[in-house]
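# Residue-level structural notes
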Amino acid sequence: MRKIYVIGIGSGDPDHLTLQAAKAIGRTDVFFLLDKGEAKESMIELRRRMLKAYGRPSRRIAEGRDPDRDRTPADYEGTIADWRHRRSEVTEALIGEHLLDGETGAFLVWGDPSLYDSTIGILDEILARGLTTFEYEVIPGISSVSTLAAKHRIGLNRVGRQFEVTTGRRLAEGWPAGVDDVVVMLDAHQSFGTVDAEHVEIFWGAYLGTEDELLVAGPLDEVADEIRRVRAEARERHGWIMDTYLLRRRA
């Protein structure tokens, strides 16, 4: 039987790789990588360093092209479902071609595989088709959300209160009901600008855990423009950006 690890490798700091993840990398024969066609050399280099440090010398790498998708679709859920299906076909082809019976493969997932990542769902879709068989195990990782809180030295929740993790797209539709603390991920359009900034604090971070890490915090109405400026300059400099933030209503 073939086995696959879905390994959370943290948000960027090599030291965030857990001992469990390092051991799993050391047991892996084939690493599957989907090329997004983006200029993210620093992220690719981090993977190389991890494989060099913990992988076996005989390890192999199987690469595939991640399917393109519409970033501003009219039917968001339908577009994502179609993209995941096409991604599962690419993934299934890689597994079928490169992972032999009795071998172990792995996907290195940024942050934690359970938080806004499609790998688990894609593997389940492949198994449901019944044409390719394997077993898989998920290795948790340190997420950008955990890293954000640690870097700002804050808790995500306050005593007796709940918090919500959402996306920039959903935040743009309105502040989630029933919560005063909102963690926002996958925000390409700086949706914090759509909320009523009065009595709201923001704790923002980009390239968390890396040498290029950026942090800004303060009252939203005072630092929103600074975040926009810092974000724009960083994106221009690197060609890409990954950021996360917490919005907190002051009592």
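Below, the structure is looked at part by part. None of the values given here were measured: they were computed from a predicted structure.

### Observations concerning the overall build of the chain
Counting secondary structure elements, the chain contains seven helices and ten strands. Taken over the C-alpha atoms alone, the chain extends approximately 60 × 40 × 40 Å along its principal axes. Looking at the chain as a whole, 47% of its 251 residues qualify as buried. Within the chain, residue pairs in contact and separated by at least 24 positions form 73% of the contacts whose partners lie at least 6 positions apart. Counting 34 positive and 43 negative side-chain charges, the chain places the centres of these two groups 3 Å from one another.

### Quick look at the sheet that holds strand S10 (residues 243-249)
One open sheet accounts for five strands, arranged S6-S7-S10-S8-S9; its pairing is mixed. Two strands close off the open sheet at either side, each with one partner strand: strand S6 (164-167) and strand S9 (214-219). Adjacent strand axes in the sheet meet at a mean angle of 15 degrees when their direction is disregarded. As judged from the four bridges shared by S6 and strand S7 (residues 181-185), these two strands associate in the parallel manner. Within S7, the position partnered with Glu 164 by the bridge is Val 182. The strands touched by helix H7 (residues 220-238) are strand S8 (200-206), S9 and S10; relative to S9, the strand with the most contacts, the crossing angle is about 165 degrees.

### Notes on a negative patch on the surface
Residues Asp 196, Glu 198, Asp 221 and Glu 222 make up a contiguous surface patch of negative charge. Following the sequence through the fold, Asp 221 ends up in helix H7.

### Considerations on the packing of aromatic side chains
Under the definition given, this model contains three aromatic pairs. Geometrically, the ring pair formed by Tyr 207 and Trp 240 is edge-to-face, given 5.1 Å between the ring centres and 85 degrees between the ring planes. Note that Tyr 207 is positioned in the loop between S8 and S9 and Trp 240 in the loop between H7 and S10, a separation of 33 residues in sequence. Assessed through its relative accessible area of 4%, Tyr 207 is described here as buried. Over the aromatic face of Trp 175 sits the side chain of Arg 249, whose NZ or CZ is 4.1 Å from the ring centroid.

### Concerning the packing of helix H3 (residues 76-98) against helix H4 (residues 119-129)
In contact at an axis separation of 9 Å, H3 and H4 are set at 70 degrees when each is read in the N-to-C sense. In this view, H3 runs roughly perpendicular relative to H4, as classed from their interaxial angle. Residue-level inspection shows Arg 84, His 85, Arg 87, Ser 88, Glu 89, Thr 91, Glu 92 and Ile 95 of H3 in contact with H4, the latter providing Ile 122, Leu 123, Glu 125, Ile 126 and Arg 129. Here the contact of H3 with H4 is built from residues that sort into four nonpolar, three polar and six charged.

What counts as what
- Residues numbered from 1 in each chain as written.
- Predicted model: local features only at pLDDT ≥ 70, side-chain atom pairs only at ≥ 80, totals over all residues.
- Heavy atoms only, no water.
- Helix = DSSP H or I, 4+ residues; strand = E, 2+ residues; numbered from the N terminus.
- Buried < 20%, exposed > 50% of the residue type's maximum accessible area, 1.4 Å probe, protein only.
- Contact = heavy atoms within 4.5 Å.
- Lys, Arg positive; Asp, Glu negative; His and termini not counted.
- Charge placed at Lys NZ, Arg CZ, Asp CG, Glu CD.
- Pairing = 2+ DSSP bridges.
- Axes fitted to C-alpha atoms, helices over the stretch in contact; angles between N-to-C directions.
- Patch = residues over 30% accessible without salt bridge, like charges linked within 9 Å, V, L, I, M, F, W, Y side chains within 5 Å.
- Areas by Shrake-Rupley, 256 points an atom, 1.4 Å probe, with all protein chains shown as cover.
- Salt bridge = Lys/Arg side-chain N within 4 Å of Asp/Glu carboxyl O.
- Phe/Tyr/Trp six-rings, centres within 6.5 Å; stacked < 30°, edge-to-face > 60°.
- Lys NZ or Arg CZ within 6 Å of the ring centre and 35° of its normal.
- Parallel < 35°, antiparallel > 145°, perpendicular 65-115°, else oblique.
- Nonpolar A, V, L, I, M, F, W, Y, C, P; charged D, E, K, R; others polar.

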